[in-house]
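Residue-level structural notes
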Amino acid sequence: MPRYFIEVSYKGTNYAGFQIQKNANTIQAEIEKALAVKFQQTFHLTGSSRTDTGVHALQNYFHFDTQVPFSEQDFGEAKFIYSLNSILPNDIVIKKIFQVEENVHCRFDAVSREYKYFIYAKKNPFYKDTAYFYPYPIDFEKLQQAALIILNTKDFTSFSKRNTQVKNFICSVYKSEWIQEKDFLIYHIIANRFLRGMVKGLMGTMLKAGTGKISLDEFASIVKNKNSRNADFSVPSRGLFLVEVNYSS
């Protein structure tokens, strides 16, 4: 059966995450609903990267299988995508739909994922839904040193929330750095995979090092001890963006 990818972007503020859930609205539920309205049949989507409640995405993917007679011309026509987006809420957008080989999987064939977390120190009403207001003195160099420790880490047990069903906690991190950009401090991380709560755990714990609540040696010990009770997952979801899902090596 033909398989198609959907590239989507969304503001996650009003949703209980990416993947469909019982008794909660999600990005997947809204897109499945829009497809059903347009084509008068049920679609079952598979997601590439789960994002939690309130997390945003500049790029994420679903795939689906269908016998609906799509054509490449349909996907290239602005009115085709426009009609789907007109059904969706204003905080979700379909960017494109394209056919792939039938064995290509949007989750398992992704080779890396990229996240950014935004914080700002001066109150600004236009940032409140998409960044974390953190008006405290921060030692930028300590943040960078903590990010370097992460870059040289393989086992991320300390930064995985409990009750996860993964078989191991090994991740390959390709980039871990802090950036100063206009009003923001941004944590930028790229890895082959991410564990449940991992970026928020890294963020919260690094901020403790950057504000002197813990030393860099203590931060390194938290990483090595493989105990998530010692990490800080308390930063809000609103500052976190899934930036890119990459399928090319």
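To be clear, the structure that these remarks concern was listed above.
The rules behind these values
- Residues numbered from 1 in each chain as written.
- Predicted model: local features only at pLDDT ≥ 70, side-chain atom pairs only at ≥ 80, totals over all residues.
- Heavy atoms only, no water.
- Axes fitted to C-alpha atoms, helices over the stretch in contact; angles between N-to-C directions.
- Helix = DSSP H or I, 4+ residues; strand = E, 2+ residues; numbered from the N terminus.
- Parallel < 35°, antiparallel > 145°, perpendicular 65-115°, else oblique.
- Left-handed = near helix turned anticlockwise from the far one by under 90°.
- Contact = heavy atoms within 4.5 Å.
- Nonpolar A, V, L, I, M, F, W, Y, C, P; charged D, E, K, R; others polar.
- Phe/Tyr/Trp six-rings, centres within 6.5 Å; stacked < 30°, edge-to-face > 60°.
- Core = buried A, V, L, I, M, F, W, Y, C linked by side-chain atoms within 4.5 Å.
- Buried < 20%, exposed > 50% of the residue type's maximum accessible area, 1.4 Å probe, protein only.

**Comments concerning the packing of helix α4 (residues 140-151) against helix α5 (residues 198-210)**
Where α4 meets α5, the closest approach of the two axes is 8 Å, and the angle between their N-to-C directions is 140°. The angle between α4 and α5 falls in the class oblique. For α4 against α5, the interelement crossing comes out right-handed. From α4, Lys142, Leu143, Ala146, Ala147 and Ile150 reach across to α5, where they touch Leu202, Met206, Leu207, Ala209 and Gly210. Looking at the contact of α4 with α5, its residues break down into 8 nonpolar, 1 polar and 1 charged.

**Observations regarding the packing of aromatic side chains**
Taken as a whole and assessed by the stated rule, the structure comprises 23 aromatic pairs. Ring centres of Tyr117 and Tyr132 lie 6.5 Å apart, and the angle between their planes is 90°; this geometry places the pair in the edge-to-face category. Of this pair, Tyr117 sits in strand β5 (residues 112-120) while Tyr132 sits in strand β6 (residues 132-133), and the two are 15 residues apart along the sequence. Taking 5.2 Å as the distance between ring centres and 80° as the angle between the ring planes, the aromatic pair formed by Tyr120 and Tyr127 counts as edge-to-face. Connected via pairs of aromatic rings, a cluster forms that spans Phe118, Tyr120, Tyr127, Phe133, Phe184 and Phe241.

**So, the environment of Glu32**
Within the fold, Glu32 resides in helix α1 (residues 27-39). Between the C-alpha atoms of Glu32 and Asn246, which are 214 residues apart in sequence, the distance is 23 Å. Setting aside residues up to four positions removed in sequence, Glu32 forms contacts with Ile20, Phe43, His44 and Leu45.

**Thoughts on the nonpolar core**
In this structure, Ile6, Ile31, Phe159, Trp178 and Tyr187 are the most contacted members of the largest nonpolar core, which totals 70 residues. Of all the elements, α5 adds the most residues to this core, at 7 residues. If sequence neighbours within four positions are ignored, Ile6 has contacts with Ile31, Leu35, Leu45, Asn60, Tyr61, Phe62, Phe64, Ile94, Lys96 and Ile97. Counting residues in hydrophobic clusters, the runner-up holds 8 residues, among them Phe118, Ala131, Phe184 and Val243.

Shape descriptors only; they carry no functional weight alone.
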